Amino acid sequence: MAVPPPPSRPRIPGSGLAKGLAVTLRTMTRKTVTAQYPDVQPELPPRSRGVIALFEENCTVCMLCARECPDWCIYIDSHKETVPAAAPGGRERSRNVLDRFAIDFSLCMYCGICIEVCPFDALFWSPEFEYAETDILELTHERDKLREWMWTVPEPPALDPGAEEPKEIAAARKTAEKLEAQRAQEAQQNQEAQQAHQAQQKAEGEE
């Protein structure tokens, strides 16, 4: 059996206007505070999206960010260099060298896809927002400017104390512990061999 809905309360005429006037009166009694920008800088949220900074040492010119950008506002130029063999008889390798990395912020819609898809952590969000220009053509910033913004990127937030250790750090720590145990074992074996050698020399001297 369907339960009938509760009866609606009768609406008092003019109640909406009274609520609006109440909000206005509360606001009128408060002291207004105006941030005197640019003398007083605003407090931005920690994850604010200002501009995109480039850490070019991590860039491998994979072009993934430029291909995934929905606005096609990332311009990358590179050339190949031959790396000599690391060991005699080895093969030479070729690598991409970054020549140009530019972002046209007049086209960028700040979606952050380029930062998300970068597999080598070469792109970061910076809270810097004071980069207005009088000419729209000057909103295409080259890698030198993107590199300067890298130093304004805030540090990542601390991990939750109860969170699991990242797999990369756990694997690196286990490898370091294994190497340390191996070195300690080799040092102990060398010490035992040295003591045995000294004991043998001492025995031969007594004879």
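The structure reproduced in this document is the subject of the present report. Since the model is a prediction, treat every value here as computed from it, not as a measurement.

Once that is clear, we can look at the nonpolar core. Ranked by size, the top nonpolar core spans 29 residues in total, and within it Ile 52, Ile 74, Ile 76, Phe 101, Ile 103, Phe 105 and Leu 123 carry the most contacts. Those elements that place two or more of their residues in this core are strand E1 (51-54), helix H2 (64-68), strand E2 (74-83), strand E3 (93-104), helix H3 (113-117), strand E4 (123-126) and helix H4 (143-150). In terms of residue count, the dominant contributor to this core is E1 (four residues). Ignoring any residue separated from it by four or fewer positions in sequence, one finds Leu 123 in contact with Ile 52, Ala 53, Leu 54, Cys 65, Phe 101, Cys 114, Ile 115 and Cys 118.

Now for unusual backbone geometry. Residues Tyr 37 and Pro 38 are joined by a peptide bond in cis, for which omega reads 10°. With respect to the element layout, Pro 38 can be found in the loop between helix H1 (15-28) and E1. In this structure, Val 61 is a non-glycine residue whose phi angle is positive, near 55°. By secondary structure assignment, the location of Val 61 is in the loop between E1 and H2. Located in the positive-phi region is Tyr 110, a residue other than glycine, with phi close to 60°. By the secondary structure assignment, Tyr 110 is in the loop between E3 and H3. Relative accessible area serves as the criterion here: at 24%, Tyr 110 is assigned to the partly exposed category.

Time to look at the packing of aromatic side chains. One pass over the full model with this rule turns up six aromatic pairs. Relative to Phe 129, the ring of Tyr 37 has its centre 6.1 Å away and its plane inclined at 35°; by these criteria the two rings are tilted. Here Tyr 37 is found in the loop between H1 and E1, whereas its partner Phe 129 is found in the loop between E4 and strand E5 (140-141), with 92 residues between them in sequence. The partly exposed category is assigned to Tyr 37, whose relative accessible area is 43%. With 5.9 Å between their ring centres and 80° between their planes, Phe 105 and Trp 149 make a pair best called edge-to-face. With Phe 105 in the loop between E3 and H3 and Trp 149 in helix H4, this residue pair connects regions lying 44 residues apart in the sequence. Relative accessible area serves as the criterion here: at 4%, Trp 149 is assigned to the buried category. Counting every residue linked through ring pairs, the aromatic cluster contains Phe 105, Tyr 110, Trp 125, Tyr 131 and Trp 149.

Quick notes on the rules
- The written sequence of each chain sets the order in which its residues are numbered from 1.
- Whole-chain, interface and lining totals are the exception, using all residues; otherwise, since this is a predicted model, local features are given only for residues with pLDDT of at least 70 and side-chain atom pairs are given and counted only at 80 or more.
- As a rule here, side-chain values cover all heavy atoms of the structure and leave hydrogens and water aside.
- The term nonpolar core refers to a set of buried residues drawn from Ala, Val, Leu, Ile, Met, Phe, Trp, Tyr and Cys, joined through side-chain atoms within 4.5 Å.
- Note on exposure labels: buried denotes an accessible area under 20% of the residue type's maximum, exposed denotes more than 50%, and partly exposed covers the range between, all computed with a 1.4 Å probe on protein chains only.
- Each helix is a run of H or I in the DSSP string that is no shorter than four residues. Each strand is a run of E no shorter than two, and both are numbered from the N terminus.
- Residues count as neighbours in contact if any of their non-hydrogen atoms are within 4.5 Å of one another.
- In this analysis, rings of Phe, Tyr and Trp, with Trp reduced to its six-membered ring, are considered paired at centre separations within 6.5 Å, and the interplanar angle assigns stacked below 30 degrees, edge-to-face beyond 60, and tilted for intermediate values.

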